[in-house]
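Fold and contact review
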Amino acid sequence: MERSEQLLNTLWKRGREFLGVEYPILGGAMSWLSESNLVSAISNAGGFGVIAGGNMPLELLKQEIDKTHDKTDKPFGVNLITIAPNFKKHLDFVLETEHPYIVFAGGLPPRDAIAKVKQTSSKLICFAPNVNIAKMLVRGGADALVIEGSEAGGHIGPVSTSVLAEQILPTLRKIPVFVAGGIATGRLMMHFLMMGAAGVQLGTRFAVSTESIAHPNFKQALIRAKAKDAVPTSQFDPRLPVIPVRSLINGGTREFNTLQLGLIQQIERSVMSVREAVEELEKFWIGGLKKAAIDGDVEQGSMMAGQSVGLVTKEESAADIIAGMVKDALGEADKIMKFTCG
Ligand SMILES: Cc1cc2nc3c(=O)[nH]c(=O)nc-3n(C[C@H](O)[C@H](O)[C@H](O)COP(=O)(O)O)c2cc1C
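Bear in mind that the values here come from a model prediction, so they are computed numbers and not experimental data. (Residues numbered from 1 in each chain as written. Predicted model: local features only at pLDDT ≥ 70, side-chain atom pairs only at ≥ 80, totals over all residues.)

**Details of the nonpolar core**
- Core analysis: the largest hydrophobic core is formed by 98 residues, its most contacted members being Val103, Leu145, Ile147, Phe178, Val179 and Val200.
- Counting only domains with at least three residues in this core, you end up with domain 1 (3-214 + 312-341) and domain 2 (226-304).
- Ignoring sequence-local partners within four residues, the contact set of valine 200 consists of Ile25, Phe178, Val179, Ala180, Ile183, Met189 and Phe192. (Core = buried A, V, L, I, M, F, W, Y, C linked by C-beta atoms within 7 Å. Buried ≥ 20, exposed ≤ 12 C-beta atoms within 10 Å, placed from the backbone. Domains from an automatic or database assignment. Contact = placed C-beta atoms within 7 Å.)

**What to know about the domain arrangement of the protein**
- Taken domain by domain, the protein consists of domain 1 (3-214 + 312-341) and domain 2 (226-304).
- Put simply, the middle of domain 1 and the middle of domain 2, counted by C-alpha atoms, are 28 Å apart.
- The partner domain 2 presents 11 residues to the 9 residues of domain 1 that form the contact.
- A per-class count over the side of domain 1 that touches domain 2 returns 5 nonpolar, 4 polar and no charged. (Nonpolar A, V, L, I, M, F, W, Y, C, P; charged D, E, K, R; others polar.)

**Thoughts on the sheet that holds strand S2 (residues 48-52)**
- The sheet built from 8 strands closes into a barrel, its strands ordered S1-S2-S3-S4-S5-S6-S8-S9 with parallel pairing. Across the sheet, the axes of successive neighbouring strands diverge by a mean angle of 25°, strand direction being ignored.
- Judged from the 4 bridges that link them, S2 and strand S3 (residues 76-81) form a sheet pairing that is parallel. Paired with isoleucine 51 across the strands is valine 78, a residue of S3. (Pairing = 2+ DSSP bridges. Helix = DSSP H or I, 4+ residues; strand = E, 2+ residues; numbered from the N terminus. Axes fitted to C-alpha atoms, helices over the stretch in contact; angles between N-to-C directions.)

**Quick look at the site of the ligand**
- Taken together, 26 residues surround the ligand, and among them Gly28, Gly153, Gly154, Gly203 and Gly306 come closest.
- Those elements that provide at least two residues to the shell around the ligand are strand S9 (199-202) and helix H10 (204-207).
- Looking at side-chain class alone, the shell around the ligand contains 11 nonpolar, 13 polar and 2 charged residues. (Near = placed C-beta within 6 Å.)

**Considerations on unusual backbone geometry**
- Backbone geometry places tryptophan 32, a non-glycine residue, at a positive phi of 75°.
- As for its position among the elements, tryptophan 32 is in the loop between strand S1 (25-27) and helix H3 (36-44).
- The class of tryptophan 32 is buried, set by 21 C-beta atoms lying within 10 Å.
- Even without being a glycine, serine 270 presents a positive backbone phi close to 55°.
- You can see serine 270 is positioned in the loop between helix H12 (251-268) and helix H13 (274-284).
- Under the C-beta neighbour-count criterion, serine 270 is labelled exposed, with 7 such atoms within 10 Å.

**Things to note about the sheet that holds strand S11 (residues 245-248)**
- As summarised here, the arrangement of the 3 strands in space is S7-S11-S10, forming an open sheet in which the pairing is antiparallel. Edge positions in the sheet fall to strand S7 (154-155) and strand S10 (230-232), since each has one partner strand and no second.
- Relative to S11, S10 is paired through 3 bridges, and the arrangement is antiparallel. Along S11, the bridge assignment pairs proline 232 with arginine 246.

**Observations regarding helix H9 (residues 186-195)**
- Listing the buried residues of H9 in full gives Gly186, Leu188, Met189, Met190, Phe192 and Leu193.
- Against the buried residues of H9 lie helix H1 (3-11), helix H8 (161-168), strand S8 (177-180), S9 and helix H15 (318-341).
- Just beyond H9, the residue with positive phi is glycine 196, at close to 120°.

**Observations regarding H3**
- Counting buried positions over the 9 residues of H3 gives 8, a clear majority of the element.
- Where H3 is concerned, the buried positions are Ser36, Asn37, Leu38, Val39, Ser40, Ala41, Ile42 and Ser43.
- Positioned one or two residues after H3, glycine 46 has a phi angle of 100°, which is positive.

Have a look at this one:
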């Protein structure tokens, strides 16, 4: 075995064993897109696909899990959003069936939800957008973490991937930690592994994969976009809180900004209460991701994408994406070995 292969095998041993896969590369759950086709394709290619439970009706989630089992006999996860209206129903179902891997996203998970998972054989992976939450989750009983930096697509936390990695990877060794946000290449993966990551999670690059059911308009827009086009939603006034979402700038984001400024003026003139304004603002993006990713309305829909969009240049199969990442990681390992050992 080549020295580079030995190095890579050593570095991602923990992630491999935890996930039960050949390559600890997670296809991060993406609402509407992480369904049976994409999830099974990632898992069949040796990675770890994750179904996005999101706001799905329970019946649909059950069907997607069944369909994924029909398409792969490899491990995959189910991502549940702890603040989603159906969260309790989703959780009860995955616990009843003892799905082997449950991922909690969307804010600090309720203690009782963690406790329920711990009573089963399921492994619990939790999202940590900052170091304090990461520590709290380890104490709370998470079996693994995904630390997601603000370069990521979709709903984002406040801290960049590089800073989170530096704060968490070298010291938090108790449980496996996977890194997400801005990762699209094997080279970067190799460096996070060297810092102590158990593996990585990618979203945007898989959104553009052949097996992704995203509308061709959505995929093309992501392929054309530059890193600088994927920006977080703006917030102009603390009275109108906006959960930051990283997406491509388009007509929808511009209208959202105009709406916010208009609502602030109406609050100032006492034409509208803060509560009414918040309600008005919250309505704006309902159905926005489906409009863009499934219906193909790239001008008005929510074009969620990470800054890694600047590294995505073509549509490829999930298997090719994963194989390319492994090849790049080995190339980087080779360089490191030559540099350090001659
Ligand atoms: C279109 C889109 C939808 C997403 N939806 C979800 C979601 O429903 N749940 C979740 O936990 N993360 C979601 N994410 C975040 C991804 O799972 C992943 O962590 C993130 O995309 C990683 O950053 P990257 O895009 O730079 O690879 C979404 C990301 C994108 C691009």
